[in-house]
Amino acid sequence: MTALHALLPDRWHALAPQDKNRLRGVALVAGALVLWFVLLAPAWHTVQDAPRQHQLLDRQLEKMQHLQTTLVQLREQPRASPAARAQALADTLKSLGPGAQLRVTGAQLTLTLKQVPTGVLADWLVESRVQTGMEAVEARLTRQGQGAGAVWDGVLVYRLPLPERDAG
C-alpha cells in the first residue's frame, strides 16, 4: 500500500496538463454523482412524494373520524332488551331464505342453516351484527361446493345478554 501511495504523486506530476484537467473533470463529475445519489436524490424523492402521502393520510384520518363518530352514536343508543334483540335477530332471517330456522331456548338462540349461499350468509352476518348488537358465540358450519356456488349448512349459537339494571 505504501508503494502505491509513493507511486501516485510521481504519476500525477508526470501527467500532461490536459490529462490533469481531464482527471479533475472526471473526479468532479464522479463527486457530483455521488453527492446526488447519496445525499440529494433521496430527499428530492421524499419532497416529490409528500403531496401523495399527505392525501393518503388525509383519507385515513377521515375514515378514522367516521368510525369514531359511528362508535359514539352506537354507544349513545339505548340498549335493547333481550326479547327485542331476539326479535330483531328473527326479523333479519328473511334474507337467508327458507334454509334458516331459529329456535329460542331461554337465553340461547340456535340458528340452523341449510343450503344458505356463501355471499348471502356473509352479508347477513354483518347486517345481523349491526341490527341486533349480537355476535354468534359458537359456530359449527360446513361448506358444500366451491366458488360462487358454495352453500353453508350448520348451526350458529347466540346468547342473549342479561338485562341491564338501572344504577340508581
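All values derive from a computational prediction rather than experimental measurement. (Residues numbered from 1 in each chain as written. Predicted model: local features only at pLDDT ≥ 70, side-chain atom pairs only at ≥ 80, totals over all residues. Heavy atoms only, no water.)

Engineer: Please explain helix α3 (residues 82-92) as it appears in this structure.
Structural biologist: For an α-helix, 3.6 residues make a turn, and residues three or four places apart therefore share a direction. For α3, every residue scored as buried is listed here: Pro 82, Arg 85, Ala 86, Ala 88, Leu 89 and Thr 92. In a view along the axis of α3, the buried residues occupy a sector of 160 degrees, so they form one face of it. Contacts from the buried residues of α3 go to β1 (100-105), β2 (108-117), α4 (118-132) and β4 (151-159). (Buried < 20%, exposed > 50% of the residue type's maximum accessible area, 1.4 Å probe, protein only. Helix = DSSP H or I, 4+ residues; strand = E, 2+ residues; numbered from the N terminus. Arc of directions from axis to C-beta. Contact = heavy atoms within 4.5 Å.)

Engineer: Would you mind going over the pairing of β2 with me for this structure?
Structural biologist: One face of the sheet, then the other: side chains in a regular strand alternate in exactly this way. Where β1 lies against β2, six bridges are found, and the strand directions are antiparallel. Following the sheet pairing, Arg 103 is matched in β2 by Thr 110. As defined by bridge partners, β2 adjoins β4 across eight bridges and the pair is classed as antiparallel. Bridge assignment links Leu 113 to a residue of β4, and that residue is Gly 154. (Pairing = 2+ DSSP bridges.)

Engineer: Looking at this model, I keep getting lost on the packing of α3 against α4. Mind explaining?
Structural biologist: The relative placement of two packed helices comes down to the angle between their axes together with the axis-to-axis distance. The N-to-C vectors of α3 and α4 enclose an angle of 150 degrees; their axes lie 9 Å apart at closest approach. Between α3 and α4, the crossing angle belongs to the class labelled roughly antiparallel. For the crossing formed where α3 meets α4, the hand is right-handed. Facing Arg 85, Ala 88, Leu 89 and Thr 92 of α3, the residues of α4 in contact are Trp 124, Glu 127, Ser 128, Gln 131 and Thr 132. Here the residues of the contact of α3 with α4 sort into three nonpolar, four polar and two charged. (Axes fitted to C-alpha atoms, helices over the stretch in contact; angles between N-to-C directions. Parallel < 35°, antiparallel > 145°, perpendicular 65-115°, else oblique. Left-handed = near helix turned anticlockwise from the far one by under 90°. Nonpolar A, V, L, I, M, F, W, Y, C, P; charged D, E, K, R; others polar.)

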